[in-house]
Amino acid sequence: AAAAANDPAKPSGFGPLAGGAAAAAATGPAPDALNNEARGRKKKPLHWQKVPNNLIAASFWPTLDQTRITLREEEIDNLFGVDVKEDITAQEEQRPEVLPHKRKHNINILLANVKMSAEDIHDIIRENRYKDIDPGILQAILLVCPTAEEETMLKAQSAMIDQVDRTDRYMMELTEMPGLRGKILCALSALTFNDEAVEIIRKMDTYALIPVQVMKSEKLAKWLETILAMGNFLNSGTPKGGAHGYKLEALAMLSTVKDSKGNTLMDYIHSMIVRDNDFAFPIDDMPSLMSSAEMSLDGINEDVMGLLESVTNVGEQIKTLGADPSLAGFKADMEVFAAEALKTREEIVSLRGLMMSKLEEMMQHFGERNKAARGRQEDILRMLREFLADTEIANAKLMEKAERQAKAAKDKKAEKKAKKKKDKKEKAEGGSGGGGGGGDEGAAADGAADEGGADAAAPSAPPAEEAPAPPAAETEPAAADAPADA
């Protein structure tokens, strides 16, 4: 407060709300700030949403006092001020409008990239310049060109060309060449047809090849056969047992059924394949299957229909060109293009028929009822792609388990080797200790021998009376028993 009292800033312009009057005043109009517009300065607005007056009294807002806030108005003017300018668009807004405002807004955005006059756009057709223009720019020009309905509207108001705004005037100038939009569309078709046709043919070739690979895959057949046998074994004695085939939705269920050790049925079937039919993994004899994830049958069909329609439009547009000498070169180009496009069209139609035929064969191969349903055809391919991914996951788990087992065996072998080495060392240490004891005994024996020598050196005692020899009969058995005792 003291700082605010000493601050040279101008007052905020808000009157104080004292005591209990704050709550009452809060529900009324807020205190007015200085009239910024009258001072020649507007502020950049803060786009908030005000709390309704009927909700203010019960809220915390009446407890706030704006007069305690010091506003440096000159500083705020410099930072957030906007000079008040005379509205110079008022006269232009009064100009008559032919096209809707939103349409003209889109046209202006496109023209910012095109940057061509109406006459330049006419020359694209008259002088066959479309071959030198980027297809993206030509597409933008097509979107600018008036539609048949707009062309009629603009021609009806052509007398007002000096009164309308620049966008309507530009569009009126474009209508000086009748049917300009159709001609630009023909030029764009001729420019992009070959690339689009090549891409569509590539996609249809791939889609026609995938069913053939799937039906001929011996590896996939072995997996499906193993799953059939396992499923019938698990389902024996139930209504689901004794199956001759199954819907491919069952493939996804293999990863949801778990055994007593927490492994999945997919893991077990994979181990069966590796154990008994290791040729069947990996399933790499359907190389085109995964590419179907990047394409859509509906999308291909739409592209084909659009391409065929463009050929039809060119043929119809050629008829409208007539004998206008200024369009003779363009007409000749379009006639050449139409003749080549018709041949490509026949190839595309034939290839589409082949693709659909192969897909229907695949559906019959798996026992599907509605063979021609594009949605179901894509479902079958999706389930097969996911199944291949599941087999790779199961293989990764099996490899990880094998690595763990190999590591455990290696660690156990190392531990056993270390224990054997330790035992050998301890035995060696025990043997050297025993040898030391033998040395002591030898020393004792040597000592005894020394004593014996000393005794021998001493005067001998008189010999004792010899005992009579035992009878021979008694000594022989003793000699015979000696080896046995030994």
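For the structure itself, consult the block above.
Quick summary incoming for the structure in this document.

Rules and cut-offs
- Residues numbered from 1 in each chain as written.
- Predicted model: local features only at pLDDT ≥ 70, side-chain atom pairs only at ≥ 80, totals over all residues.
- Heavy atoms only, no water.
- Salt bridge = Lys/Arg side-chain N within 4 Å of Asp/Glu carboxyl O.
- Buried < 20%, exposed > 50% of the residue type's maximum accessible area, 1.4 Å probe, protein only.
- Phe/Tyr/Trp six-rings, centres within 6.5 Å; stacked < 30°, edge-to-face > 60°.
- Helix = DSSP H or I, 4+ residues; strand = E, 2+ residues; numbered from the N terminus.
- Patch = residues over 30% accessible without salt bridge, like charges linked within 9 Å, V, L, I, M, F, W, Y side chains within 5 Å.
- Areas by Shrake-Rupley, 256 points an atom, 1.4 Å probe, with all protein chains shown as cover.
- Lys, Arg positive; Asp, Glu negative; His and termini not counted.
- Charge placed at Lys NZ, Arg CZ, Asp CG, Glu CD.
- Polar contact = N/O pair within 3.5 Å; in protein donor to acceptor, adjacent residues only side chain to side chain.
- Contact = heavy atoms within 4.5 Å.
- Axes fitted to C-alpha atoms, helices over the stretch in contact; angles between N-to-C directions.
- Parallel < 35°, antiparallel > 145°, perpendicular 65-115°, else oblique.
- Left-handed = near helix turned anticlockwise from the far one by under 90°.
- Nonpolar A, V, L, I, M, F, W, Y, C, P; charged D, E, K, R; others polar.

## Notes on the pattern of salt bridges
The full count for this structure, using the stated rule, is 26 salt bridges. Linking R169 and D162 is a salt bridge whose minimum nitrogen-to-oxygen distance equals 3.1 Å. Its relative accessible area of 32% is what places R169 among the partly exposed residues. The exposed category is assigned to D162, whose relative accessible area is 62%. Each of E97, K104, D165 and D168 takes part in salt bridges that share partners, so that together they form one network.

## Concerning the packing of aromatic side chains
Applying the stated rule across the entire model yields three aromatic pairs. Both rings, one in F193 and one in F337, keep their centres 5.4 Å apart while their planes meet at 80°; by these two values the pair is edge-to-face. With F193 in helix α11 (residues 180–216) and F337 in helix α16 (residues 328–365), this residue pair connects regions lying 144 residues apart in the sequence. Under the relative-accessibility criterion, F193 is labelled buried at 2%. Since its relative accessible area comes to 8%, F337 is described here as buried. A centroid spacing of 5.6 Å and a plane angle of 85° characterise the contact between W223 and F387, whose relative ring orientation is edge-to-face. On the criterion of sequence distance, the pair formed by W223 in helix α12 (residues 218–234) and F387 in helix α17 (residues 374–457) is long-range, its members being 164 residues apart. Residue classification places W223 among the buried positions, given a relative accessible area of 0%. Accessibility expressed as a relative area gives 1% for F387, which makes it buried.

## Some remarks on the environment of V336
Inspection of the secondary structure assignment puts V336 in helix α16. The partly exposed category is assigned to V336, whose relative accessible area is 48%. Taking the C-alpha atoms as reference points, V336 and A190, separated by 146 residues in sequence, lie 9.7 Å from one another.

## Some words on a positive patch on the surface
There is a patch of like positive charges on the surface, built from K412, K416, K420 and K424. By secondary structure assignment, the location of K416 is in helix α17.

## Examining the side chain of S292
Locating S292 in the fold gives a position in the loop between α14 (265–276) and α15 (297–321). For S292, a relative accessible area of 2% translates into the label buried. A distance of 2.6 Å separates a polar side-chain atom of S292 from the backbone oxygen of L289. Once residues within four sequence positions are removed from consideration, S292 is found in contact with Y207, I210, L381 and R385.

## Points about the packing of helix α6 (residues 101–114) against helix α8 (residues 135–144)
How two helices pack is summed up by the angle between their axes together with the distance between the axes. In contact at an axis separation of 9 Å, α6 and α8 are set at 155° when each is read in the N-to-C sense. With respect to their mutual orientation, α6 and α8 come out roughly antiparallel. Judged by the sense of rotation from one axis to the other, the crossing of α6 with α8 is left-handed. The residues of α8 that touch α6, namely those facing R103, I107, L110, L111, N113 and V114, are I137, A140, I141, L143 and V144. Partitioned by chemical class, the residues of the contact of α6 with α8 number nine nonpolar, one polar and one charged.

## Notes on α8
Every α-helix winds through 3.6 residues per turn, so residues three or four apart in the chain are directed the same way. Those residues of α8 not exposed but buried are L138, A140, I141, L142 and V144. In the core, the buried residues of α8 are packed alongside α6, α7 (118–126), α10 (166–174) and α11. Measuring from the backbone nitrogen of G136 back to the side-chain oxygen at the start of α8 gives 2.8 Å, which picks out D134 as the cap.

## Quick notes on unusual backbone geometry
Glycine aside, residues mostly have negative phi angles, and peptide bonds mostly take the trans form. At the junction of F281 and P282, the peptide bond is cis and its omega measures out at 0° in the coordinates. Within the secondary structure, P282 sits in the loop between α14 and α15. Despite not being glycine, K115 has its phi angle at roughly 55°, a positive value. Within the secondary structure layout, K115 lies in the loop between α6 and α7. What makes K115 exposed here is its relative accessible area of 69%. With a phi angle near 55°, N128 is a residue other than glycine that sits in the positive phi range. Residue placement: N128 occurs in the loop between α7 and α8. Judged by its relative accessible area of 18%, N128 falls in the buried class.

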